[in-house]
Amino acid sequence: MPMPGAAPATPAAGRPTDAERVRSVLAAAHSMTVVTDGLSSEVRHLDGSDPMGRLHLHPAEPGGDREHRPSIRLEFTDIAPTPVRDRVRARVTITGRLLTPYTEEGADSTCMEFGRAVLETAQGRSSVGLEELDAACPDPLASYESGMLTHLVDDHAELVTLLLRLVRPLPAEPVVRVLPLAMDRYGITLRLEQARGHRDVRLPFPSPLDDVEQSGVQIQALFSAARRRSHRNSLPA
């Protein structure tokens, strides 16, 4: 079921795949919940280092003693860095069975027999296979997005409001606040907060980014396009 409170996002020309979204959530994660042998523990020292670097996922092999291997569940929550309503953007759960002992310190790599990966967003739930995860790469902005969005809100709030001019179709109800919710290689997502509920709108970049160094030019292109539009989408005074 979709997360409550959010209207469907406006379609855009490009979006990350579910597998890319999972890899991006993991790449930017600063903490995770690990559940194994019926015990839950919080790991808070990831510091934005992708846990996939020390967690090796292996395809499940039928038969053998797999039923005697301890089960493991890794839970990640993707929180918006800006003070929007309903800050949870996504949840990722990876389940499987341990092949080697899990160590929080990561001194040794941990091998895990892959069960499934589930991505939950406002659009619903989807499962991602191991081959898809292996083939996907994190978004090039994943590790920088939080700082970029926070800087935009703290130091350039007027430019966020300016981007409202690019929103089509116009919201049926007045917008009381607009904040950047997310940014990826394809564009920026704005959260339009209204008196009742909110709506998320994607504004695509002129072209997808290949690396973070291209972000400045693409963001400025959106601001320039907004300046050329009429002022009809201004927030109420």
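Think of each chain on its own: its residues are numbered from 1, step by step along the sequence as written. Two thresholds apply to this predicted model, a pLDDT of at least 70 for residue-level local features and 80 or more for giving and counting side-chain atom pairs, whereas whole-chain, interface and lining totals are computed over all residues. Just so you know, side-chain values use all the structure's heavy atoms and leave hydrogens and water out.

Draft legend 1. Summary view of the overall build of the chain. Here a helix means four or more residues in a row that DSSP labels H or I, a strand means two or more in a row labelled E, and each is numbered from the N terminus. In terms of helices and strands, the chain carries five helices and eleven strands. In this scheme, a residue with accessible area under 20% of its type's maximum is buried, one over 50% is exposed, and one in between is partly exposed, where area comes from a 1.4 Å probe on protein chains only. Residues classed as buried in the chain amount to 44% of the 237 residues present. Long-range contacts, defined here as pairs at least 24 residues apart, represent 60% of the contacts in the chain between residues at least 6 apart. In these tables, accessible area is a Shrake-Rupley quantity obtained with a 1.4 Å probe, and a residue counts as shielded only by the protein chains included in the view. Approximately 12,300 Å² of the chain is accessible, and the part contributed by carbon and sulfur atoms is 52%. Whether two residues are in contact is decided by their heavy atoms, any of which lying within 4.5 Å being enough.

Draft legend 2. Geometry of the environment of Arg-229. Positionally, Arg-229 belongs in the segment after helix H5 (215-228). Assessed through its relative accessible area of 34%, Arg-229 is described here as partly exposed. Other than its neighbours up to four places away in sequence, Arg-229 contacts Arg-165, Leu-166 and Arg-168.

Draft legend 3. Representation of the pairing of strand S7 (residues 110-121) in the model. Within S7, ten of the twelve residues are buried, leaving the element largely enclosed by the surrounding structure. In the sheet, strand S4 (residues 55-58) pairs with S7 via four bridges, with the strands oriented parallel. When the sheet's bridge partners are listed, Leu-57 is paired in S7 with Met-112. Relative to S7, strand S6 (residues 88-98) is paired through eight bridges, and the arrangement is antiparallel. Counted as the bridge partner of Gly-96 is Phe-114 from S7. With five bridges joining them, S7 and strand S8 (residues 124-128) adopt antiparallel strand pairing. Within the sheet, the bridge partner assigned to Leu-119 lies in S8 and is Ser-126. Any two strands with at least two DSSP-identified bridges between them are counted as paired.

Draft legend 4. Region of interest: the side chain of Asp-200. Looking at the secondary structure, you find Asp-200 in strand S11 (residues 198-204). A distance of 2.8 Å separates polar atoms of two side chains, one belonging to Asp-200 and the other to Arg-191. Identification of polar contacts relies on pairs of N or O atoms within 3.5 Å, with a donor-acceptor requirement for protein atoms, meaning one able to donate a hydrogen and the other able to accept it, and with residues adjacent in sequence counted only if both atoms are side-chain atoms.

Draft legend 5. Here's a closer look at helix H1 (residues 18-28). For H1, the complete set of buried residues consists of Ala-19, Val-22, Arg-23, Ser-24, Val-25, Leu-26 and Ala-27. Along its buried surface, H1 packs onto strand S5 (71-79), S6, S7, S8 and helix H2 (130-135).

Draft legend 6. Broad picture of the pattern of salt bridges. The term salt bridge refers to a side-chain nitrogen of Lys or Arg lying within 4 Å of a carboxyl oxygen of Asp or Glu. Throughout the structure, instances matching the rule amount to twelve salt bridges. With a closest N to O distance of 2.9 Å, Asp-78 and Arg-89 form a salt bridge. On the criterion of sequence distance, the pair formed by Asp-78 in strand S5 and Arg-89 in strand S6 is long-range, its members being eleven residues apart. Note on accessibility: Asp-78 and Arg-89 belong to one class, buried. As a salt-bridge pair, Arg-177 and Glu-193 come within 2.9 Å of each other at their nearest N and O atoms. Placement of the pair is Arg-177 in strand S9 (residues 175-184) and Glu-193 in strand S10 (residues 187-194), with a sequence separation of 16 residues. With a relative accessible area of 32%, Arg-177 lands in the partly exposed category. Relative accessible area serves as the criterion here: at 3%, Glu-193 is assigned to the buried category. Put simply, Arg-21, Asp-78, Arg-89 and Glu-145 are held in one network by salt bridges that share partners.

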